[in-house]
Amino acid sequence: MKIYLDNAATTRPCEPAISACFACMAENYGNPSSLHRMGLDAENAVTEARKAIAAALVCDPECITFTSGATECNNTIIFGAAEKMGKRKKKIVISSIEHPSVAKPAKYLEEHGFEVVRIDPMRNGEISAEDFISAVDGNTFLVSCMLVNNETGAINPVRKIFSAVKRAYPDCFTHCDAVQGFLKLPIKASDLCADFITVSAHKVHALKGVGAMYTKKGVKIPPLMYGGGQEKSMRSGTESVPLISAFGAAARALMPTMNSAYENAEAINEYLNSKLKKLPFVTINSTAENKSPFITNFSVEGIRSEIMLHFLESRDIYVSSGSACSKGAHSSVLTAMGISDRLADSAIRVSISRITEKQEIDALIEALEEGHSSLAKTR
Ligand code: PMP
């Protein structure tokens, strides 16, 4: 039996998402911009999906723009904000534990005359609101802080940070990458005090290659691409109706059970942590007070991440070494937390989903024990 514990990397598409995608490929394959009925049907599929994503973020559907994924959203927002404000203001404040789709556009801007201030997390992985807020000044045009860190699961005090920033500097843009929190924790766009929020479909049991950005009403930045003017000119290019429709279907399916899924994840997470604490060779790196139950990061003494990852794979158990995007590179997140290279090199990320069961955790623990004893011998 395959045991998939890498849900922060991507998730198994749910049945409603697959059916919606299939229907738009097989039947409803018109171009939403076409003026005939088939065009209208395709447009309606996009409209329905937009409503579903908006409902999940508790905002007006008008605020939702579909893109090719969270990476595109993050790039659009950061470069768009810089283009709009960059002549007058030069400073961006981000956390040092952002996903590369935020960190790298910021780095690019830094190499082109902007100032980027990166706020390190505390030892437990959380960003201190005070540290973040005190770095923002009148020259800052954008702040970006992720809701849930994709490697440790730490939840950042985004609302506290953004509300303070907005109070002091109302024209500073606030952006939250909420990819790992969307449809897991309740997120109300207006509560976050964010001008922009980024979400991705394939992390919520829909498909890869589609995401959405929330833009607060009245906020305007230039787009990344110019073309046919789709998505109110914020994202030109023919809409991927099958992917968008699947995203909407997944959101509709997940929303009503979000709270019970969270409770289930909490129970599984507690079970996992209690088992991990009993293993003398394990150090738990996810120690944030505010933490998503869907992600746990720990280190296995003396065994490099990839070695353990492949051992677990041989037992049909799939986990990650830090984030899938960094493909085995040293985790900058754990390093920023002050975790030693020795522990960072042996880090494993287990990310559960709403369908993870206790037996799967038992199998993981058994395999970790087996892996530790056999791999430690061959070191
Ligand atoms: N932000 C975070 C926090 C993520 O975990 C990911 C996916 N690894 C992304 C952005 C990028 O999402 P996408 O794959 O949709 O581009």
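Residues numbered from 1 in each chain as written. Predicted model: local features only at pLDDT ≥ 70, side-chain atom pairs only at ≥ 80, totals over all residues. Heavy atoms only, no water.

On to the site of the ligand. Surveying the vicinity of the ligand reveals 14 residues, the closest of which are Thr 71, Asp 177, Gln 180, Ser 200 and Lys 203. The separation between an oxygen atom of the ligand and a polar side-chain atom of His 202 is 2.8 Å. Starting from 400 Å² of accessible surface for the ligand in isolation, the protein chains cover 90%. In terms of residue class, the shell around the ligand is made up of 4 nonpolar, 8 polar and 2 charged. (Near = heavy atom within 4 Å. Polar contact = N/O pair within 3.5 Å; in protein donor to acceptor, adjacent residues only side chain to side chain. Areas by Shrake-Rupley, 256 points an atom, 1.4 Å probe, with all protein chains shown as cover. Nonpolar A, V, L, I, M, F, W, Y, C, P; charged D, E, K, R; others polar.)

Turning our eyes to something else, we now look at unusual backbone geometry. The phi torsion of most residues other than glycine is negative, and most of the peptide bonds are trans. Phi at Cys 193 takes a positive value of approximately 60°, unusual for a residue other than glycine. Classification of Cys 193 by relative accessible area gives partly exposed; the value is 25%. The phi dihedral of Lys 232 falls on the positive side, at around 50°, and the residue is not glycine. Along the chain, Lys 232 falls in the loop between strand S8 (211-215) and helix H8 (241-254). (Buried < 20%, exposed > 50% of the residue type's maximum accessible area, 1.4 Å probe, protein only. Helix = DSSP H or I, 4+ residues; strand = E, 2+ residues; numbered from the N terminus.)

For the rest of this paragraph, the subject is the sheet that holds strand S9 (residues 282-284). Read across the open sheet, the 3 strands follow the order S9-S10-S12; overall the sheet is antiparallel. Of all strands in the sheet, those with a lone pairing partner are S9 and strand S12 (347-351), marking the two edges. Averaged over all adjacent pairs, the angle separating strand axes in this sheet is 30°, with direction ignored. Judged from the 5 bridges that link them, strand S10 (residues 295-300) and S12 form a sheet pairing that is antiparallel. Of the residues in S12, the one forming a bridge with Phe 298 is Ile 348. Strands S9, S10 and S12 of the sheet are contacted by helix H9 (residues 258-277), whose axis makes an angle of about 10° with S10. (Pairing = 2+ DSSP bridges. Axes fitted to C-alpha atoms, helices over the stretch in contact; angles between N-to-C directions. Contact = heavy atoms within 4.5 Å.)

The next thing to look at is the packing of helix H2 (residues 37-57) against H8. At a minimum axis separation of 8 Å, H2 and H8 run at an interaxial angle of 35°. For the pair H2 and H8, the sense of crossing is left-handed. In this structure, H2 uses Ala 42, Ala 45, Val 46, Glu 48, Ala 49, Ala 52 and Ile 53 to contact H8, whose residues at the interface are Val 241, Ile 244, Ser 245, Phe 247, Gly 248, Ala 251 and Arg 252. Of the residues contributing to the contact of H2 with H8, the split by class is 10 nonpolar, 2 polar and 2 charged. (Left-handed = near helix turned anticlockwise from the far one by under 90°.)

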